[in-house]
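Below, each chain spelled out in residue letters.
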Amino acid sequence: QVHLVESGGGLVQAGGSLTLSCAASGSIFSINAMGWYRQAPGKQRVLVATITSGGSTNYADSVKGRFTISRDNAKNTVYLQMNSLKPEDTAVYYCNADLLEASSWYYKNYWGQGTQVTVSS
C-alpha cells in the first residue's frame, strides 16, 4: 500500500520561511507528477505547485517568486521551499502524486494527510 507523508509544517512569522517535505512509500514502480495543494479554512483546495518527473515546474500566480518546488526521484520525495511567507499563505498543505504501484497496470492519484502552515502577522 502506498502512503504519502508530509512534514515540515508549523507556525512562522510573516516574512519567514518553511520547507515542506513529502515522501512516498510502499511498492512504487514509478512516479509521474508530484505537487502541493493547499486549503484555507472555508475555501476550496487549490494548486500551489507541481513538478514532473523530468523537473518541469508550474506555480500558482500567488506563490511565484516566493515558493520553489523540487523533488528527489531516488527518494520518492517532493519538497516545497516557502520564502517570504504571508498570512494569506496560512492553510493545510497537501502533497499529491500520480504514481504506478508495482502491482498495478495504471497510474493512480494519491493524497497525503496534510500539514498545517500558519503564518502570523
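Residues numbered from 1 in each chain as written. Predicted model: local features only at pLDDT ≥ 70, side-chain atom pairs only at ≥ 80, totals over all residues. Heavy atoms only, no water.

**Considerations on the state of the cysteines**
This is how the line gets drawn: Two cysteine sulfurs form a disulfide in these notes if their separation is within 2.5 Å. Secondary structure elements follow DSSP: runs of H or I no shorter than four residues count as helices, runs of E no shorter than two count as strands, and numbering proceeds from the N terminus. The buried label applies to any residue whose accessible area, calculated with a 1.4 Å probe on protein chains only, is under 20% of its type's maximum; exposed applies above 50%, and partly exposed to all values in between.
Enumeration according to the criterion identifies one disulfide in this entry. Two residues share a disulfide in this structure: Cys22 and Cys95, whose sulfurs sit 2.1 Å from each other. One disulfide, between Cys22 and Cys95, carries an S-S torsion of -80 degrees and so falls in the left-handed class. Remark: Cys95 occurs in strand β9 (residues 91-101) and Cys22 occurs in strand β3 (residues 18-25); sequence separation between them is 73 residues. In this structure, Cys22 and Cys95 share a single accessibility class: buried.

**Section: the pairing of β3**
The following threshold applies: Strands are treated as partners if at least two bridges between them are detected by DSSP.
In terms of strand pairing, strand β1 (residues 3-7) meets β3 through five bridges, oriented antiparallel. Bridge pairing in β3 links Glu6 to Cys22. As judged from the six bridges shared by β3 and strand β8 (residues 77-82), these two strands associate in the antiparallel manner. Pairing of Ser21 across the sheet is with Tyr79, part of β8.

**A look at the sheet that holds strand β7 (residues 67-72)**
As a reminder of what qualifies: Axis angles are defined between N-to-C directions and span 0 to 180 degrees, where every axis is a line fitted to C-alpha atoms and, for a helix, only to the segment in contact.
A sheet is described by the order of its strands in space; here four strands give the open sequence β1-β3-β8-β7, paired in antiparallel fashion. The outermost strands of the open sheet, each flanked by one partner alone, are β1 and β7. The sheet shows a mean angle of 15 degrees between the axes of neighbouring strands, direction not considered. Here β7 runs beside β8; their pairing, made up of six bridges, is antiparallel. Bridge pairing in β8 links Asp72 to Thr77.

No statement about biological role is implied by the geometric values presented.
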